[in-house]
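Structure at a glance
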Amino acid sequence: MFKASVMKKMSGLLATLMIVSILTPLLAFASGFGAITYKANGNVTGSVYFDGVDYDALKDQEDVTLAVYDEKGNKIQSIIANKDKSRNVTGVVYFNISGTISDATYTKIKLKYNDVVSDWVYKETSGGYPGGGGGYYGGPLGSIVDFNGKADAYKLADLLKENKNASLEIQNDFVLLPASALVEGETLTIYNENTSFTLPIKALKLEDLAKEMGVELEDLLIRVEMKEVKDDALRAIEDAVKALNAKLIATPYDFKVTAEAGDKTKAITSFGNTYTNSSINFEGSADASKSTGVVSNSNKLAFAPSVFSKDGDNSKVTIKRNGTGVYAAIETDISFNDVASHWAKSYVDLLSHKLIVDGYEDGSFGPERNITRAEFAAIVVRSLGLSASASSSSTFSDVQSGDWYAGVVSAAVQSGLVDGYEDGTFRPNAQINREELAAMVVRALAYAGKDVKVSSTEQDALLAKFADANSIVWGQAELAAAVKAGIVDGMTDTTIAPRNDATRAQAAAMLNRLLNNAGFIN
């Protein structure tokens, strides 16, 4: 029988052996990669080391070839790592990585040698960060955004100094951007695997915004969110799509921009007359002639200026608006019983699929009917994707807050699209003539960022071919610009008929050309 003292010594020895056995794996080497940097210019540096059977196979080699993989798992090239002869660790051989990714557009890569694989290596989108390239900043190696979704001010400023219209990949559905860094740029496109949003920095007027919130610019953050719409909000949109006899083809996302400083927040919903892009990726393809981007407002869907593009087996809808909102894409199949053989059929069909023009209850469109000033103001406002909420007051004596057109007239006036008459009236129910129609479309084109400049000499030349140009009362410049932009055709080769009342078909044709010219449809 062992004595108690012997048992005590044995217990101590066993405890020591157990601790050593636990610690041993932590002290041992295993093949792997050291710190790696991937610079904006494509240069990759770092180290890789091997032990065990890898050491036996590679200890006498001067270099190893590493495979480089993109984020989809495709091998894109190889780079060489040379033996580091300055490191003498028993049973371990080191190689220094120094190569260049020939196509530096990849935002992240992995390196691989047989079964030894690196973590994701994120591209540094500018060089010379504080503390040296490749340091750890609370996120993926070399990244601008940390795991809490906040961008590093120094890195973001460097990115925008290098490219005033830069792009920034994020891994989540939001990002916090220091305003002090944003002032270095003009736009910043934030994107992830599902969506993207281009922040129009200049339109934010950051210094004025900081003063309005009572803080210093250095304390102001801009939060950008691109969140998928779910649950009750999604069901409400799905119901609105069904009510239109349409099909939802792109998942709805809520795009938000918020200014934050401590406990102060301010939602930024409008960028004035600055249009910006919000995109949603979706599976499958879309017929651009029957599909449209939409904005959801109080569970009602309205046209949002939008274009569709293809990427392999998938597609993308890019919404173009001067604000934020809940966006999606739908496919419609609307037709009218009185345009089948009409010259404006393609224009009418396209605008109806875009939710811009409506028909009548009997299924007709009435292409040869005249259109009123209020009706045309409504479809121009829709075409630009503007909000049209009725105002409690009006600048015109004949537009009351309860009128159906009060909101669209207010939006058209605020956007500089329409004028009233000298007697203070708008005359909403008066027929609109071709001169007024052309003027409104040209102003809408300018609002969309496509201002058509016409010199006095050019104006005379553009209108000279029309024998009735002398009947233009006040809109010579606007009609000449409309002719130059290809928005207005003559009634014949030699007449432009400026005083003729416009028809719904002519309005549809002009709007179609406006939208194509502005890049608001495809």
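Residues numbered from 1 in each chain as written. Predicted model: local features only at pLDDT ≥ 70, side-chain atom pairs only at ≥ 80, totals over all residues. Heavy atoms only, no water.

1. Some details on the nonpolar core
Within the largest apolar cluster, 75 residues are counted, with the highest numbers of intra-cluster contacts made by Phe376, Ile379, Val380, Leu384, Leu417 and Val488. What valine 380 contacts, discounting residues up to four positions off in sequence, is Leu417, Met440, Ala444 and Leu511. With 50 residues, the next largest nonpolar core counts Leu168, Leu209, Leu217 and Tyr327 among its residues. (Core = buried A, V, L, I, M, F, W, Y, C linked by side-chain atoms within 4.5 Å. Buried < 20%, exposed > 50% of the residue type's maximum accessible area, 1.4 Å probe, protein only. Contact = heavy atoms within 4.5 Å.)

2. Quick word on the environment of valine 215
If you trace the backbone, valine 215 turns up in the loop between helix 6 (206-212) and strand 14 (221-228). Along the backbone, valine 215 and alanine 261 are 46 residues apart, and their C-alpha atoms lie at a distance of 7.2 Å. In contact with valine 215, other than residues within four places in its own chain, are Ala210, Leu220, Ala261 and Lys264. (Helix = DSSP H or I, 4+ residues; strand = E, 2+ residues; numbered from the N terminus.)

3. Thoughts on the environment of arginine 513
With respect to the helices, strands and loops of the structure, arginine 513 is situated in helix 14 (residues 504-518). Exposure remark for arginine 513: the relative accessible area of 18% places this residue in the buried category. On a C-alpha basis, the gap between arginine 513 and glycine 486 in space is 7.3 Å, while along the polypeptide they are 27 residues apart. The residues touching arginine 513, leaving out its near neighbours within four places in the chain, are Tyr347, Gly486, Ile487, Val488 and Asp489.

4. As for the sheet that holds strand 13 (residues 195-200)
The strand order across the open sheet built from six strands is 10-12-13-17-21-20, with neighbouring strands paired in mixed fashion. Of all the strands in the sheet, the pair left with one neighbour each is strand 10 (165-169) and strand 20 (306-311). Looking at each pair of strands side by side, their axes are set apart by 15 degrees on average, direction ignored. Contacting strand 10 and strand 12 (187-191), helix 3 (residues 153-162) crosses the sheet at an angle of about 120 degrees to strand 12. (Pairing = 2+ DSSP bridges. Axes fitted to C-alpha atoms, helices over the stretch in contact; angles between N-to-C directions.)

5. Some thoughts on the pairing of strand 13
Summarising burial for strand 13: six of the six residues are buried, a large majority. Going residue by residue along strand 13, you find Thr195, Phe197 and Leu199 tucked away on one face and Ser196, Thr198 and Pro200 tucked away on the opposite face as well. One ladder, built from five bridges, connects strand 12 with strand 13; its direction is antiparallel. When the sheet's bridge partners are listed, threonine 189 is paired in strand 13 with threonine 198. The turn joining strand 12 and strand 13, which pair antiparallel and follow one another in sequence, is formed by three residues. Across three bridges, the pairing between strand 13 and strand 17 (residues 276-283) is antiparallel. If you follow serine 196 over to strand 17, its bridge partner there is serine 279.

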